[in-house]
Structure formats: structure tokens, C-alpha cells
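Examining the three-dimensional arrangement
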Amino acid sequence: YYVIIHYRDQAELQRIAGRFQHPRIDRQAKTIKVAVDGENLADLRRTGVRIDIDRAATSRLRTAAQALRNGRFGARALSDFACYRTVENTHSAMTALQTSKPTLAKVLNLGPTWKKWSAGGTNGYEMQVLRITNSATDAIRSNKPAMVLLSSIHAREYAPAELNMRFGEWLVNGHGTDAEATWLLDNYVFYLIPQGNPDGRKIAENGTLQRKNINNTNGSCSAATTGVDLNRNFPFGWGSLDDGPTSSNACVETYRGPSAASEQETQNIMRLIAGTRGASGNYTGGIFADK
């Protein structure tokens, strides 16, 4: 459904808008326009706010969704979007860079996704990072500054993973011919994680507006609202804000998880970037020092 929600004050605006990723807010009219599923709609109605269903916009939304399911937009790598790679396409492209330019690119495993971890390694994905630098200059630049690019941690955000991957391909394939790419790889090291949420991304590739990972142990929710919002599961500031930027409701899109860094995907990313948490509470062994 595409709905128009009428809010009464700033506090109600924050409570409602914080549930959604891309609400359209009209402060003069005191309305919020947003696409919701049946469960979201029922939750909103229980709050007592006035909700109008925009019938025309809802019809357009459903027509477009059906067209995508019917494959009317031609052959594709990712469902309905031929220019975006699937999880498998992305990982294959990372391996191809390593194979073609082993002195510049290396694929590292970060650890299993929730699905693979919960299934004992028989299903799901191994999260991967592409490390890119010119190893021939390591001797003279032993402490190269590092950059980490993490993308598509929200599964339905297709474009970031592709952009991240194309940046990596530009760096590797441009080394030796493009002056900027050459200078960057000679002097810096890049860690690219194109698929920050592979399990959720695989669901999204089938046309479901999956945002979170697919950990279904924290509550019985509808298909697209199952899981934990990985972007809100990191330990810094975890749980400090509710009913807005993050939520304790397992079926809300901004659900932060039962505890800080509870999710396998979050832990994998933390180990790479920050390292391991010691008894003092500080992290060591990651790409960046704990600040």
C-alpha cells in the first residue's frame, strides 16, 4: 500500500517516520507518505493515527511490482535490473580480479552469514572482502593508509554493491594505464565489501523488499520484515535511541537486534575493521585503531 499518515506533533512524526527508510514528509500539511506492507499498516493503525490509502499510487506500485515479477524488463543478472550483479556474480567478479591481477587484488573470507552459521556451514554465504593494493610497493610504503568501503548492508539497496564493485574494477584494471588508479594503488590499500548482507540480498534479488538480514529467531514477522537491521546492530551507541532511528520491535524495519553486535554479519565486519574486543573494552587487531 502507498499511504498518507497524518501526524499531530513532532514527537509523533519522529515515532512514525523512524519506522521507515524513505518517508516523504510534508511539515506544512503534517503528513507522511510512504509505502507499507500489510503488517506495517496494521501496526500503524494500532497507534491510532489517521491513515489514508492513496489508491492511485497503490495501484501504480502493485502494477510495477507485478511487471517485475513477470520479468517484463528483459534478461537480467539481478532480478529485473540487468546492470546489477547478484551475490554470486559479485563474488565471481572478485575472484576474477584476483586471478587476473594477483599482485593487485586478493579475496579474503570474513566469516559466515547468519544463514550459513545457523545451518552449520551447509547453506548461506561466506562474506568476502576484496583487498586491493600494489604489493610491489609494500616495501617502500609499509604502512599504507587504508580505506574500507562497505555497501548494501540493507539488502534491497541494489546500487551500492554495484558501485563498490565497479570502483574496485576501475582501480585494478586501471593500474598501469590510468595515472590516478596507479597512484592510488601504489600508495594506499582498499578493502571493499560489496555485499554487506548476502543472505538478505538474495531474498531481495527475487523482488521482495528485504532490508534486514534473515535471522528469524527474534520474532514471528512477515517475510519482508524478518531479521535484524544490520546497520543498527553495531555496538557504538547501540540501544541509545528507540522509536525513531532504531527499534526494539523485531518486526520493524529498524530493529536493532537483541543485543549489540548480535549478528554474524556485524561480527564479521567488526573483526575486519576494528578487530577483537579485549577485557578492557578496547578493540585491537583491526584495520583501524579503536578510537
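Bear in mind the structure is a predicted one, so any value in this text is a computation, not a measurement. (Residues numbered from 1 in each chain as written. Predicted model: local features only at pLDDT ≥ 70, side-chain atom pairs only at ≥ 80, totals over all residues. Heavy atoms only, no water.)

1. A short note on the sheet that holds strand β1 (residues 2-6)
Here 4 strands make up an open sheet; going across it, the order is β2-β3-β1-β4 and the pairing antiparallel. Single-partner strands in this sheet number two, and they are β2 (24-26) and β4 (50-53). When the angles between neighbouring strand axes are averaged without regard to direction, this sheet yields 20 degrees. Bridge count for β2 against strand β3 (residues 31-35) is 3 bridges, and the pairing is antiparallel. Across the sheet, R24 pairs through a bridge with K33, a residue of β3. (Pairing = 2+ DSSP bridges. Helix = DSSP H or I, 4+ residues; strand = E, 2+ residues; numbered from the N terminus. Axes fitted to C-alpha atoms, helices over the stretch in contact; angles between N-to-C directions.)

2. Digging into the packing of aromatic side chains
This model, assessed by the stated rule, comprises 4 aromatic pairs. By the ring-pair criterion, three or more aromatic residues cluster together here, those being F167, W170 and F190. Here the basic side chain of R62 rests over the ring of Y1, its NZ or CZ set 4.7 Å away from the ring centre. Cation over ring: R256 sits above W238, and NZ or CZ is 5.3 Å from the ring centre. (Phe/Tyr/Trp six-rings, centres within 6.5 Å; stacked < 30°, edge-to-face > 60°. Lys NZ or Arg CZ within 6 Å of the ring centre and 35° of its normal.)

3. Digging into the pattern of salt bridges
The tally for this structure, following the rule as stated, stands at 14 salt bridges. Linked through salt bridges whose partners overlap, the residues forming this network are R85, E162, R166 and E169. (Salt bridge = Lys/Arg side-chain N within 4 Å of Asp/Glu carboxyl O.)

4. Let's talk about the sheet that holds strand β6 (residues 126-132)
Ordered in space as β5-β6-β8-β7, the 4 strands form an open sheet in which the pairing is mixed. Edge positions in the sheet fall to β5 (105-112) and β7 (146-150), since each of these pairs with one other strand and no more. Recorded for the sheet is a direction-independent mean angle of 20 degrees between the axes of neighbouring strands. Alignment of β6 against strand β8 (residues 189-193), held across 3 bridges, turns out to be antiparallel. Note on β8: the bridge partner recorded for L130 is L192. With respect to the sheet, helix α9 (residues 264-273) is in contact with β5, β6, β7 and β8, its orientation differing from that of β5 by roughly 135 degrees. (Contact = heavy atoms within 4.5 Å.)

5. Examining the state of the cysteines
Per the counting criterion, the structure on display carries 1 disulfide. The side chain of C221 participates in a disulfide bridge whose partner is C251; the two sulfur atoms lie 2.1 Å from each other. Measuring handedness by torsion sign, the sulfur bridge of C221 and C251 sits at about -85 degrees and is left-handed. Of this pair, C221 sits in the loop between α8 (198-204) and α9 while C251 sits in the loop between α8 and α9, placing them 30 residues apart in sequence. Taken as a pair, C221 and C251 share a single burial class, namely buried. (Disulfide = S-S within 2.5 Å. Buried < 20%, exposed > 50% of the residue type's maximum accessible area, 1.4 Å probe, protein only.)

6. Structural notes on α9
Burial of α9 is extensive: 7 of the 10 residues sit out of reach of the surface. Along α9, the residues classified as buried are Q264, E265, T266, N268, I269, M270 and L272. Among the residues trailing α9, G275 stands out with phi positive, at a value near 100 degrees.

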